[in-house]
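A look at the structure
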Amino acid sequence: MSPQFMLLRFFGLLQTIAGYVIEKLSTLVLSYVYDSRRQIIKQPENDILLQPAVDIANKIRKRQLRCRDVVNSFIERIRQVNPVLNAVVADRFKQALQEAKDLDDELDSQPENSKLSQELCPLLGVPFTAKEAIAIEGS
């Protein structure tokens, strides 16, 4: 083998070793920095939060769950995890609770209201949030 070829192989091996060492060092440093700030988010304890959204909507529609109770459960969970996640920047909890009360009142007075059917409102009463890229009343 020529000396140039041997030199190229040597530098290739040196580059591989350097890449390996840099990867391991950066992983070590970054894991130290980020793992020290890691906070564990516990599983939800409230059974409402563990149910599929369609099931929650059906239970609200059948009056097995109150919409206000569902919204309160989600608000409580947001308050538990948001300090870590910072997912909800601007809340509208007061308005959501009022809307839940209004829906409960409507379902109590008209349980068979066709405009609230499963076909038209599959997620009736199920709270959700969207990033602020969506315009909402009052913001």
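For every chain, the first residue of the written sequence is number 1, and numbering continues from 1 onward in sequence order. Only residues with pLDDT of at least 70 are given local features in this predicted model, and only at 80 or more are side-chain atom pairs given and counted; all residues enter the totals for whole chains, interfaces and linings. The side-chain quantities take in all heavy atoms of the structure and omit both hydrogens and water.

**Observations concerning the overall build of the protein**
Per the convention used, a helix needs a DSSP run of H or I reaching at least four residues, while a strand needs a run of E reaching at least two, with both numbered from the N terminus. Each helix and strand in the protein was counted, giving four helices and zero strands. From first element to last, N terminus to C terminus, the protein shows the α and β order α-α-α-α. The globule rule puts the C-alpha radius of gyration for 139 residues at 14 Å, and the 27 Å found for the protein is more than 25% above it. For the protein, the spread of C-alpha atoms along the principal axes amounts to about 90 × 30 × 30 Å. Counting every position in the protein, which comprises 139 residues, the buried fraction comes to 22%. Residue contacts are defined here by distance: any two heavy atoms, one from each residue, within 4.5 Å place the two residues in contact. Long-range pairs, those at least 24 residues apart, make up 67% of the contacts in the protein between residues at least 6 apart in sequence. Working definition of accessibility: Shrake-Rupley area with a 1.4 Å probe, residue cover restricted to the visible protein chains. Working note: accessible area of the protein is about 11100 Å², and carbon and sulfur atoms make up 59% of it. In this setup the radius of gyration rests on C-alpha atoms only. A globule is expected at 2.2 Å times the number of residues raised to 0.38. Only protein chains enter the accessibility calculation, which uses a 1.4 Å probe. A residue is then buried if its area is under 20% of the maximum for its type, exposed if over 50%, and partly exposed in between.

**Brief notes about the environment of A100**
Inspection of the secondary structure puts A100 in helix α4 (residues 93–109). Among the residues examined, A100 registers a relative accessible area of 2% and is labelled buried. Along the chain, A100 and L25 lie 75 residues apart, while their C-alpha atoms are 52 Å from each other. Contacts of A100, omitting those with residues within four sequence positions, involve C67, R68 and V71.

**A short note on the side chain of N82**
Along the chain, N82 falls in helix α3 (residues 67–85). Definition of a polar contact: a pair of N or O atoms within 3.5 Å, with one able to donate and the other able to accept a hydrogen when the atoms are protein atoms, and with sequence-neighbouring residues admitted only if both atoms are side-chain atoms. A distance of 2.8 Å separates the side chain of N82 from the backbone nitrogen of A87, its partner in a polar contact. For N82, the residues in contact, after removing those within four places along its chain, are A87 and V88.

**Re the layout of surface pockets**
Volume-wise, the second largest pocket comes out at about 230 Å³. For cavity detection a 1 Å grid was placed over the protein atoms alone, and a set of points counts as a cavity when a 1.4 Å probe fits there but cannot get out; an open set counts as a pocket when protein lies on both sides within 12 Å along at least five of seven lines, with lining residues being those that have an atom within 4 Å of a point. Lining the second largest pocket are 14 residues, and of these K42, Q43, P44, R77 and Q80 lie nearest its centre. As a working rule, the residues Ala, Val, Leu, Ile, Met, Phe, Trp, Tyr, Cys and Pro are called nonpolar, Asp, Glu, Lys and Arg charged, and the rest polar, with Gly in that last group. Class assignment for the residues of the lining of the second largest pocket results in six nonpolar, four polar and four charged. Grid points are joined across faces, edges and corners, and a volume is the space filled by probe spheres set on the points.

**Some words on the side chain of R61**
With respect to the secondary-structure elements, R61 resides in helix α2 (residues 53–61). Buried charge without a salt bridge: R61, with E119 as the nearest opposite-charge side chain at an N-O distance of 7.2 Å. Ignoring any residue separated from it by four or fewer positions in sequence, one finds R61 in contact with L116, S117, Q118, C121, P122 and L124. Charge convention: Lys and Arg are scored as positive, Asp and Glu as negative, and His as well as the terminal groups of each chain are ignored. By salt bridge we mean one thing: a side-chain nitrogen of Lys or Arg within 4 Å of a carboxyl oxygen of Asp or Glu.

**Details of the environment of P111**
If you trace the backbone, P111 turns up in the segment after α4. For P111, a relative accessible area of 46% gives the class partly exposed.

**Details of the nonpolar core**
One finds I56 and I60 to be the most contacted residues of the largest nonpolar core, which totals 17 residues. Secondary-structure elements contributing two or more residues to this core are α2, α3 and α4. For this core, the element with the most residues is α4, which contributes five residues. Those residues in contact with I60 that lie beyond four places of it in its chain are L65, C67, V70, L107, L124, G125 and V126. Grouping buried Ala, Val, Leu, Ile, Met, Phe, Trp, Tyr and Cys residues that are joined through side-chain atoms within 4.5 Å yields what is termed a nonpolar core.

Shape descriptors only; they carry no functional weight alone.
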